[in-house]
Amino acid sequence: MADKKVKRGSDSSLSIFSNVFYFLGVLFKLSPALVVLECTAGVMRRLPTRIISVLGVKYVIDVIAAGGDKSKIITAVVVIGIVLLVTKTLDWLYCEFFFNTEREKLEGKLSQKLYKKARQLDLENYDNPDFYNNFILVINSSAGGIVGILSMIQGYVTELVSFFTICSIMLALDPVCLLIIVAVVVIFTPLSKKIGELQAKRQIENNRLHRRADYFARIFYLQDYCKEVRVNNVTELLIKRYNEAADAVVENQKRFVKKIDFLYFFQESGVQIIGFMLLLPLYLGYCVLVKKTLSAGDFVATFNGAFSVSTSFSFLTVGVIRNFSELARLIDKYREFLARDVKILDGEKIAECGEPKTIELKNVSFTYPGNSSPTLNNINLTIRPKEKIALVGYNGAGKTTLTNLLLRLYDVSEGEILIDNEDIRDVTVDSHRNRFSAVFQDFQLFSATLGENVSMDEVFDDDGVSNALKYSGFTKEMAKGNDTVLLREFDDNGVMMSGGEAQKIAISRAFYKNCPYVILDEPSANLDPVAEYNLNRAMMEAAKDKTVVFISHRLSTTINADRIYVMENGSIIEQGTHDELMKQGGAYAYMFNLQAEKYRKEQGIYD
């Protein structure tokens, strides 16, 4: 369920703390023990030291000043040492045997939450550059955000407990010192808000600029680009563009750092100079030398207590507003990402995945978000059960868009798509897509076993995978059969595939999945003519009881299609069998003859 959207652009403390406690709630649901113990550990880690710096030091100094028994001093030092040793030991045990492992688990759970949301998002989000900025920012900062938020909450609880504890001691010693320090810190608190805003803006702008620089890094380490980079003289151009992107990051840092550092220096210097170097020493000196109301131990204890109160109060006001406001804006992006609207909504029914039924597109039009002109115009199309349908046309004709609509990766802007007289929007998204198998033009292999890549599941039928690979023409010998790991992200000995081999594996997914409808977008793009011929035969044989919609620029693959639809500028301009369209002498015949002539010339065949 989508989270309620927080008020955007609000700079109020309520908005900051709303975001922080929202994220704390998320962390608490995922790992309540970690949140509770982290806050407890912070108190155990810091409070004893601060109490010792006030009361422990006061006791020792007063005993020395009074000429007391040295055994009392030794006893006090031993007790202090034991307390510090115990707290350090407990802290070490907590970090070594709980925190580090539990934090890793928590980061994994949070990442899963983000990935599941990303999987639910409509495809149109990926057409929006701002989505990438926010998505990358959220993913990259989620792990660090966990540590940051936990540290901030831990610090907040610790300083809150420390503040009230030391304040109680200070009130007993001298309440005026407490008033002096609190007043000084309050004066400089408003600067924290401005510092936090600048830090958050720097983070967001840096993410946008880093995305540009990271693009060039990918070019040099991804295999997809390696041949182009080495064969051509593009390296200097890319390095120049990278330097420009890197310089932009540096300039952005300079632009913000000057302002942030100035405000931070002014703030910290003000508290230190006015509070601890001027007002507090003057007052304490007056109390010790003139009024003689404070002993030497009181003097040290009061000064240390004032410093502790100042540290706590600065964190609870200055630090919280400054640091929490930066984290709160990142959390705001996180909440915005999780609350992002999903437009492809479930219907109430469950689609049956049985025998193929009639598919009808009625007056279907579609315009991509942000575009002014439609990509598809008033498409009317009927696909009968078990038909083999080919979509042909030049690039940009709308072929892939049409199949995207069939899969409900997008919803139609106008019109309707029916399967067995039922609007596909009336059934759940997953049950609808489950009745389709699709091989995309920009298919991907995953770092998993061969069998998992074919079945797209951890559990698979070994014989079914082998048969699917056989139909696709995949004949490569694999050392571990279908359990052979592909790619090397998780296995240094993973097997790399050529473009044609990879495509055959992708195509085999369509043969493996038990479903009534198959969509193939350029299934033979990386195959040689012989492999293409064999694939077509195998495809028709394996999918004889299925409805097949395939897109191809090689018109030799469309000859045996039951019906061919020629698309141009988002409309269907011709339809019929291969023979019918050839007799018409229209766009299809022109494209087919053009390709046939080119093939004859390449093979040295002349009329």
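For the structure, check the block above.
Counting buried positions along strand β3 (residues 388-392) gives five out of five residues, so the element sits mostly inside the fold. In β3, alternate side chains face the same way, and those of Lys388, Ala390 and Val392 on one face and Ile389 and Leu391 on the other are all buried. In terms of strand pairing, β3 meets strand β8 (residues 547-551) through four bridges, oriented parallel. Along β8, the bridge assignment pairs Lys388 with Val548. In this structure, β3 lies alongside strand β9 (residues 563-568), joined through four bridges in parallel fashion. Counterpart to Ala390 in the pairing with β9 is Ile564.

Residues Phe23, Tyr334 and Phe337 are the most contacted members of the largest nonpolar core, which totals 52 residues. When contributions to this core are tallied by element, the ones reaching two or more residues are α1 (13-30), α2 (32-65), α3 (70-120), α4 (129-173), α5 (175-188), α8 (235-291) and α9 (296-338). Excluding its chain neighbours within four sequence positions, the residues that come into contact with Phe337 are Leu114, Lys117, Ala118, Leu121, Phe131, Phe135 and Val138. Formed by 36 residues, the second largest nonpolar core is a distinct cluster that contains Val454, Met478, Ala543 and Phe550.

Side chains of Met44, Ile74, Val78, Ile82, Val86, Leu90, Trp92, Leu93 and Phe97 sit close together on the surface and give an oily, nonpolar patch of about 870 Å² of accessible area. With eight residues, the single largest contributor to the nonpolar patch is α3. For Val78, the position within the fold is in helix α3.

As paired elements, strand β1 (residues 359-366) and strand β4 (residues 414-419) share five bridges and run antiparallel to each other. Its bridge partner being in β4, Leu361 is matched across the sheet by Ile417. Where β4 meets strand β5 (residues 422-423), two bridges bridge the pair, whose relative direction is antiparallel. Paired with Ile419 across the bridge in β5 is Glu422. The antiparallel pairing of β4 with β5 creates a hairpin that spans two residues between the two strands, and Asp420 there sits at a positive phi of about 55 degrees.

Right, let's get into the sheet that holds strand β2 (residues 376-383). One open sheet holds the four strands; their spatial order is β2-β1-β4-β5, and the pairing between them is antiparallel. Of all the strands in the sheet, just β2 and β5 have a single pairing partner and so form its edges. The strands touched by helix α10 (residues 399-406) within the sheet are β1, β2 and β4, with β1 carrying the most contacts at an inclination of about 120 degrees.

Positionally, Asp423 belongs in strand β5. Exposure remark for Asp423: the relative accessible area of 11% places this residue in the buried category. At a separation of 2.8 Å, a polar atom in the side chain of Asp423 contacts the main-chain amide nitrogen of Arg425. Not counting the four nearest positions on each side in its chain, Asp423 is found in contact with Glu416, Ile417 and Leu418.

With mixed pairing, the six strands of this open sheet are ordered in space as β6-β7-β8-β3-β9-β10. Every interior strand has two partners, whereas the edge strands, β6 (436-439) and β10 (571-576), have only one. Going from strand to strand, the sheet's axes swing by 15 degrees on average, the running direction of each strand aside. Relative to β10, β9 runs antiparallel, the two being bridged by five bridges. Paired with Ile564 across the two strands is Gly576, which belongs to β10. In this fold helix α14 (residues 499-512) packs onto β6 and β7 (517-521), with an angle of close to 170 degrees to the strand it touches most, β6.

This paragraph deals with the packing of α2 against α3. At a minimum axis separation of 10 Å, α2 and α3 run at an interaxial angle of 165 degrees. Considering the angle they form, α2 stands roughly antiparallel to α3. As α2 runs across α3, the sense of the crossing is left-handed. By residue class, the composition of the contact of α2 with α3 is 22 nonpolar, three polar and six charged.

Side chains of Lys194, Lys201, Arg255 and Lys259 sit close together on the surface and give a patch of like positive charge. Sorting the residues of the positive patch by element identifies α6 (190-221) and α8 as the ones contributing at least two each. Within the secondary structure layout, Lys259 lies in helix α8. Classification of Lys259 by relative accessible area gives partly exposed; the value is 46%.

Glancing now at the pattern of salt bridges. Between side chains of opposite charge, a pair can form when the charged atoms approach closely. Within this structure, the stated rule accounts for 14 salt bridges. Put simply, Arg103 and Glu104 hold a salt bridge, and the shortest N to O gap is 3.9 Å. With a relative accessible area of 21%, Arg103 lands in the partly exposed category. Judged by relative accessible area, which is 48%, Glu104 ranks as partly exposed. The salt bridge involving Asp430 is made with Arg119; its shortest N-O contact spans 3.4 Å.

Here is what the cut-offs are and how they apply
- Residues numbered from 1 in each chain as written.
- Predicted model: local features only at pLDDT ≥ 70, side-chain atom pairs only at ≥ 80, totals over all residues.
- Heavy atoms only, no water.
- Buried < 20%, exposed > 50% of the residue type's maximum accessible area, 1.4 Å probe, protein only.
- Helix = DSSP H or I, 4+ residues; strand = E, 2+ residues; numbered from the N terminus.
- Pairing = 2+ DSSP bridges.
- Core = buried A, V, L, I, M, F, W, Y, C linked by side-chain atoms within 4.5 Å.
- Contact = heavy atoms within 4.5 Å.
- Patch = residues over 30% accessible without salt bridge, like charges linked within 9 Å, V, L, I, M, F, W, Y side chains within 5 Å.
- Areas by Shrake-Rupley, 256 points an atom, 1.4 Å probe, with all protein chains shown as cover.
- Salt bridge = Lys/Arg side-chain N within 4 Å of Asp/Glu carboxyl O.
- Axes fitted to C-alpha atoms, helices over the stretch in contact; angles between N-to-C directions.
- Polar contact = N/O pair within 3.5 Å; in protein donor to acceptor, adjacent residues only side chain to side chain.
- Parallel < 35°, antiparallel > 145°, perpendicular 65-115°, else oblique.
- Left-handed = near helix turned anticlockwise from the far one by under 90°.
- Nonpolar A, V, L, I, M, F, W, Y, C, P; charged D, E, K, R; others polar.
- Lys, Arg positive; Asp, Glu negative; His and termini not counted.
- Charge placed at Lys NZ, Arg CZ, Asp CG, Glu CD.

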